[in-house]
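Coordinates in review
Spelled out, the chains give:
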Amino acid sequence: MFTPLRRAAERTPPGRDRHIDLLRAVAIALVVLGHWLAVVVTYGERVGGDTILAFVSWARPLTWLFQVMPVFFLVGGFAGAASLGSYRRRGGDAIGWFLCRTDRLIRPTTAFLLALGGAALLTLLLGVDPAVVGRGVWLACLPLWFLIAYVTVVLLTPILLALHRRAGLAVPAALAVAVAFGDAARLLGGPAVLGTANYLLAWAAVYQLGIAWREGALPARPRVAVPVIAGGLAALVLLTVPGPYPVSMVTDPGDRLQNTSPPTLALLALAVTQTGIALLLHERGGRMLRRTRPWTAVVAANSVIMTVFLWHMTAVVIAVPALYMTGLLPQPPPGSAAWLLLRVPWLAFLTATLTVLVVLFAFVERRGGPCPAPDAGRTGARTVAVTLAGTGLVVAGLLGAALTGAQGLPAPMLPVHFAVYFAVYFAGAALLRAARSSHRP
């Protein structure tokens, strides 16, 4: 395994920006660690749980360090602009590029949902309470929120890239203004639905910053990076400390307004700060990654990055019965010294469990599926229609699965709802695979 990875690292094209891959790997590590550290599990007559933010206020500022989903969209915008440009130069079109680009997202997600659905069905047949099964599936599906927005902005990449070339940094600025209007509607007591568009607008704004970086509008120089960091951090402090937004950059049960559901102007300020830090560290990261050993480690991490992201909350679902229902881990008050000390065996067990899951399922991510070659010719109208329909079903299925656990449904209905939305997703994934296959030369 390590020899192929080392060979892949040595074959890296000289023009590849390795710092982008490093940012992606660091971000996934922080996301996983943040989720695992924040989980609070209780077990009495039944399994329960919450986030540490519901118990201690000192954890809220720490979310500024662990909320790194903006980095994924920043890196995605950079990499998307680079790969779309390369694909077009070799004769391809936007739909062919999208089908290639999403293959690495859809295949591991499909494997994840198939395995999760099979495991849920087996536990139901064994007589496990449907409420417990439903909550476990919901917890395992939490990472799907990211994919809903990410697949959408990837589809919009050709439009966002064209907008950048016409208006430059005015595009993310305009998107930020639109986010502010959505926030204002919610803050002034308007219907919550008025801010729903921010799920797309905010993440598209961060993705657009990545495009601007790739296209040279945000050069990786200290004279650019330092003002960006200072401006983003100042805005973040003003918006959260004296301002109307909560300090926590992840969902906090104690706050009426959440910074992630939907994303707010405060989260965009954090994204701007992280963008500046990424720009500032660009040269140093590039120098370090010219050495074979650290670059091979980054290549290895990126080769399983979707597998790690998709399965890291499933490790929590496995850990709960293994550690708490068996009584192996006690339940001291959340945030206490004893609770903090017990995070060590908790993290160790989760790491070992996730390692096993990655070993079992990473081959799906590493194995490429059918992908349109750039010289396959222009995409026909039928393939375009199938691609758009498939993408719509995939997004709808993921959205339904992500929302199911938060809808207050009767416990016996949870597995049924998940089954319906999984079926919608699988139909969309099948259409996208058909589009990829039909577009090959």
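Anything mentioned here points back to the structure above.
So, here is what we can say about the structure in this document. From a predicted model like this one, the values you see are computed outputs, not experimental measurements. (Residues numbered from 1 in each chain as written. Predicted model: local features only at pLDDT ≥ 70, side-chain atom pairs only at ≥ 80, totals over all residues. Heavy atoms only, no water.)

Notes on the overall build of the chain
Which entries qualify depends on this criterion: Runs of E in the DSSP output that reach at least two residues are strands. Runs of H or I that reach at least four are helices, and both are numbered from the N terminus. Within these notes, the globule rule equals 2.2 Å times the number of residues to the 0.38 power, and the radius of gyration is based on C-alpha atoms. Accessibility here uses a 1.4 Å probe with only protein chains present; expressed as a share of the type maximum, an area under 20% marks a residue as buried, one over 50% as exposed, and anything in between as partly exposed.
For the chain, the helix and strand inventory stands at 18 helices and 2 strands. Whereas a compact globule of 441 residues would reach a radius of gyration of roughly 22 Å, the chain reaches 22 Å, a difference of no more than 12%. Referenced to the eigenvectors of the C-alpha coordinate spread, the extents of the chain come out at roughly 60 × 50 × 50 Å. For the chain, the proportion of its 441 residues judged to be buried stands at 48%.

Digging into the nonpolar core
We count it as follows: What is meant by a nonpolar core is a set of buried Ala, Val, Leu, Ile, Met, Phe, Trp, Tyr and Cys residues, joined one to another through side-chain atoms within 4.5 Å. Note on contacts: a residue pair is in contact if any heavy atoms of the two residues lie within 4.5 Å.
Formed by 109 residues in total, the largest nonpolar core has its most connected members in Trp36, Leu144, Trp213 and Trp346. Considering every element that reaches this core, the biggest residue donor is helix H15 (residues 305-324), with 13 residues. In this structure, Trp213 is in contact with His19, Ile20, Leu23, Leu74, Phe78, Leu218, Ala220, Ala278, Leu279 and His282, ignoring residues within four places of it in sequence. Grouped together as the second largest cluster of nonpolar side chains are 7 residues, Ala9, Leu289, Trp295 and Val299 included.

Considerations on the side chain of His19
Relative to the elements of secondary structure, His19 occurs in helix H2 (residues 18-38). Discounting chain neighbours no more than four positions away, the residues touching His19 are Trp213, Ala278, Leu281, His282, Gly285 and Leu289.

Topic: the packing of helix H10 (residues 198-214) against helix H12 (residues 265-280)
Test applied: Geometry is summarised by axes, namely lines fitted to C-alpha atoms with helices restricted to the contacting stretch, and by angles between N-to-C directions that run from 0 to 180 degrees. Angular relationships are summarised with four words: roughly parallel below 35 degrees, roughly antiparallel beyond 145, roughly perpendicular across 65 to 115, and oblique for the angles in between. Each helix crossing is assigned a hand: it is left-handed if the near helix lies turned anticlockwise from the far helix by less than a right angle, otherwise right-handed if that turn is clockwise.
Orientation of H10 relative to H12, taken along the N-to-C sense of each, is 20°, at an axis distance of 10 Å. Judged by the angle between their axes, H10 and H12 are roughly parallel. The two elements H10 and H12 meet at a crossing, and its hand is right-handed. Mapping the contact onto sequence places Ala202, Trp203, Ala205, Val206, Leu209 and Trp213 in H10 and Leu267, Leu268, Ala271, Val272, Thr275, Ala278 and Leu279 in H12.

Observations regarding unusual backbone geometry
That bond from Ser261 to Pro262 is cis: its omega, 0°, falls within 30 degrees of zero. As for its position among the elements, Pro262 is in the loop between helix H11 (222-240) and H12.

A short note on helix H7 (residues 144-155)
The criterion, for reference: What a helix is expected to span follows from its residue count: subtract one and scale by 1.5 Å.
Helix length check: H7 (12 residues) gives 17 Å between terminal C-alpha atoms against 16 Å at 1.5 Å per residue, within 8%. For H7, the set of buried residues is Leu144, Phe146, Leu147, Ile148, Ala149, Tyr150, Val151, Val153 and Val154. Those residues of H7 that are buried lie in contact with helix H4 (69-89), helix H5 (94-125), helix H8 (157-167), H10, H15 and helix H17 (381-404).

Let's talk about the packing of H2 against helix H16 (residues 337-366)
Selection criterion: For this scheme, ten residues count as nonpolar: Ala, Val, Leu, Ile, Met, Phe, Trp, Tyr, Cys and Pro. Four count as charged, namely Asp, Glu, Lys and Arg, and the remainder, Gly too, count as polar.
At a closest axis distance of 10 Å, the pairing of H2 and H16 adopts a crossing angle of 130°. By the criterion of interaxial angle, the relationship of H2 to H16 is oblique. By crossing handedness, the relation of H2 to H16 is classed as right-handed. Side by side, H2 and H16 meet where Val32, Leu33, Trp36 and Leu37 of the first sit next to Trp339, Arg343, Trp346, Leu347, Leu350, Thr351 and Leu354 of the second. Here the contact of H2 with H16 is built from residues that sort into 9 nonpolar, 1 polar and 1 charged.

Section: the environment of Val132
Among the structural elements, Val132 can be located in helix H6 (residues 130-140). Note: C-alpha distance between Val132 and Leu236 (104 residues apart in sequence) is 39 Å.

Section: the environment of Pro334
Tracing the chain through its elements places Pro334 in the loop between H15 and H16. For Pro334, a relative accessible area of 23% gives the class partly exposed. Put simply, Pro334 and Tyr199 are 135 residues apart on the chain and 31 Å apart in space, counted from C-alpha to C-alpha. Once residues lying within four places of it in the same chain are set aside, the contact partners of Pro334 are Val40, Ile52, Phe55, Val56 and Trp339.

Observations concerning the packing of aromatic side chains
Formally: Aromatic rings from Phe, Tyr and Trp, taking only the six-membered ring of Trp, are treated as a pair when their centres fall within 6.5 Å; an angle between ring planes under 30 degrees marks them as stacked, one over 60 as edge-to-face, and anything in between as tilted.
Inspection of every chain in the model, using the stated rule, returns 15 aromatic pairs. With 6.4 Å between their ring centres and 80° between their planes, Tyr150 and Tyr207 make a pair best called edge-to-face. Residue Tyr150 is located in helix H7, and its partner Tyr207 is located in helix H10; the two are separated by 57 residues in the primary sequence. Per residue, the accessibility class of Tyr150 equals that of Tyr207, and both read buried.

Concerning the side chain of Gln274
Position of Gln274 among the secondary structure elements: in helix H12. Residues contacting Gln274, with those up to four places away along its chain left out, are Trp64, Gln67, Val68, Pro70 and Val71.

Considering the pattern of salt bridges
Pairing between side chains of opposite charge can happen when their charged atoms approach one another. Quick reminder of the rule: Note on definitions: salt bridges are taken to be side-chain nitrogens of Lys or Arg within 4 Å of carboxyl oxygens of Asp or Glu.
Going through the model one piece at a time under the given rule, you end up with 8 salt bridges. Note that Arg107 is salt-bridged to Asp103, the shortest N-O span being 2.9 Å. A residue pair is termed a helical-turn pair when its members lie 3 or 4 positions apart in one helix, as Arg107 and Asp103 do in helix H5 at 4 residues. Considered together, Arg107 and Asp103 belong to a single accessibility category, that of buried residues. For Arg287, the salt bridge is made with Glu283, and the minimal N-O distance between the two is 3.3 Å. Note that Arg287 and Glu283 are positioned in helix H13 (residues 282-288) at a spacing of 4 residues, about one turn of the helix. You can call Glu283 exposed: its relative accessible area is 56%. Shared partners join several salt bridges into a network, and the residues in it are Arg16, Asp21 and Arg24.

Focus on H16
The criterion, for reference: What is called the bend at a residue is the angle between a pair of axes, fitted to the seven residues leading up to and ending at it and to the seven starting from it.
With 30 residues, H16 should cover 44 Å at 1.5 Å per step; its first-to-last C-alpha distance of 41 Å lies within 8% of that length. Approximately 45° is the largest bend angle found in H16, and it occurs at Leu360. Elements that come into contact with the buried residues of H16 comprise H2, strand S1 (39-43), H5, helix H14 (292-303) and H15.

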